Amino acid sequence: MAALSSGGCAPSKAKPKPDSDSTDAQSTYAVAEAYMVERKWNKALDRFQMVNTRDREMRAQVHLRMADAYFEKGGVLDIAEAQGRYLSFLNSFPLSDQASYAQFRFAQCLQTQISKPERDQSSTQRAMGEFRKVSELYPNSAWVDEAAAEMRALKDHLSEDAMFKARFYYKRKRFNAAEGRLRDILSANPRWESRPEVLYLLGMAMRIRGQVPDGEAILRQVLDESPESEWGRKAHKVLAKAGALSEQPAAADAG
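Attention in this report is confined to the structure presented alongside it. Counting restarts for each chain: residues are numbered from 1 in the order of the written sequence. Predicted model: local features are reported for residues with pLDDT of at least 70 only, side-chain atom pairs are reported and counted for 80 or more only, and whole-chain, interface and lining totals are derived from all residues. Heavy atoms from the whole structure form the basis of all side-chain values; hydrogens and water molecules are not counted.

## Some remarks on the overall build of the chain
Secondary structure follows DSSP: runs of H or I at least 4 residues long count as helices, runs of E at least 2 residues long count as strands, and numbering of each begins at the N terminus. A count of helices and strands for the chain gives twelve helices and zero strands. Reading the chain from its N end, one meets helices and strands in the order α-α-α-α-α-α-α-α-α-α-α-α. Throughout, exposure labels follow a simple rule: accessible area from a 1.4 Å probe, protein chains only, divided by the maximum for the residue type, with under 20% read as buried, over 50% as exposed, and the rest as partly exposed. Counting every position in the chain, which comprises 255 residues, the buried fraction comes to 43%. By sequence separation, contacts in the chain at least 24 residues apart represent 54% of the contacts at least 6 residues apart. Note that accessible areas follow from Shrake-Rupley with a 1.4 Å probe, and for residues the cover is restricted to the protein chains shown. Only carbon and sulfur atoms are counted for the fraction: they give 50% of the accessible area of the chain, which is about 14900 Å². When checking whether two residues touch, look at their non-hydrogen atoms; a contact exists if any pair is within 4.5 Å.

Written as structure tokens, this is what we have:
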């Protein structure tokens, strides 16, 4: 306004802003990507912030790559920042061909917050739900298999939590509570690597509670599935002592 009033002339036409394919934006982005390759996350972030473009696709890519840089930095506050940026990307660019990747990374951010077994597992459940969305929302995405692998790992983590509690109850002779946890594991994760121990404890808990035939049927299942394991040998010892090795009643449903 001061310039206009002092000059007394009509304002000249404003210069157009650089278009979406401006060389400056492209080159600045390229420098930022070079810093990403070198794992210089802070320098990459600085450069990404300097990218000035009206191109929606490039703005989406910058948004996503800044989230990646924070994720790779890996600090607690960095992961929180990355989590917010991935979610913001999903809300702002839901039709992007990078949406499945952003969803996968968002779930990974939640995965870093899960608690150890024997503690509250709500974060684990939430992370599993977000990984599940990858296949539900983007069934043809290249990230479906990766998300499935992460879900299997989280399922094992939940089984570890349930097993910790089952052992706790078993040692304190609260066999009914132990049995409930053990059956939950067999239902949710039947192929878990610790299945022999789960079956052994379940069979023993049932025997102790008076369900001897069904308990011994489950111990035979341990023996059939894992004869050389620690739990297979223990099951053999219990069955031999009970004189039950020659009996073959129908196995109880153990999940």
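## What about the environment of A107?
As for its position among the elements, A107 is in helix α6 (residues 99-111). It is 9.1 Å that separates the C-alpha atoms of A107 and K133, two residues lying 26 residues apart in sequence.

## Points about the packing of helix α7 (residues 122-137) against helix α8 (residues 144-171)
Fitting a line to C-alpha atoms yields each axis, with helices limited to the stretch in contact; the angle taken between N-to-C directions then spans 0 to 180 degrees. Direction vectors running N to C along α7 and α8 enclose 155°, while the axes themselves pass 9 Å from each other. For the element pair α7 / α8, the angle class is roughly antiparallel. In the packing of α7 onto α8, the handedness of the crossing is left-handed. Of the residues in α8, those touching α7 at T124, Q125, A127, M128, F131, R132, V134 and S135 are V144, A147, E150, M151, L154, K155, H157 and L158. Across the contact of α7 with α8, the residue classes tally to nine nonpolar, four polar and three charged. What sets the label is the angle itself: under 35 degrees gives roughly parallel, over 145 gives roughly antiparallel, 65 to 115 gives roughly perpendicular, and the rest give oblique. Two helices cross in a left-handed way if the nearer one is turned anticlockwise from the farther one by less than a right angle. They cross in a right-handed way if the turn is clockwise. Classification used: nonpolar for Ala, Val, Leu, Ile, Met, Phe, Trp, Tyr, Cys and Pro, charged for Asp, Glu, Lys and Arg, polar for all others including Gly.

## Some thoughts on the pattern of salt bridges
By convention in these notes, a salt bridge is any Lys or Arg side-chain nitrogen within 4 Å of a carboxyl oxygen on Asp or Glu. Applying the stated rule across the entire model yields 15 salt bridges. Residue E197 pairs with R167 through a salt bridge whose shortest N-O separation is 2.9 Å. Linking E197 in helix α10 (residues 195-208) with R167 in helix α8, this pair joins segments that are 30 residues apart in sequence. For E197, a relative accessible area of 10% puts it in the buried group. On the basis of relative accessibility, which here comes to 28%, the residue R167 falls in the partly exposed class. The closest approach of N and O atoms between R183 and E179, which form a salt bridge, is 3.3 Å. You can see R183 and its partner E179 sitting in helix α9 (residues 175-188), four residues apart, about one turn around the helix. A relative accessible area of 28% means that R183 is categorised as partly exposed. With a relative accessible area of 10%, E179 lands in the buried category.

## Overview of helix α5 (residues 76-92)
For α5, which comprises 17 residues, the first-to-last C-alpha distance of 24 Å matches the rise-based estimate of 24 Å (1.5 Å per residue) to within 8%. Among all positions of α5, only D78, I79, A82, Q83, R85, Y86, F89 and L90 are buried. Those residues of α5 hidden inside the fold are in contact with α4 (56-73), α6 and α7. Take the residue count of a helix, subtract one, and multiply by 1.5 Å to get its expected span.

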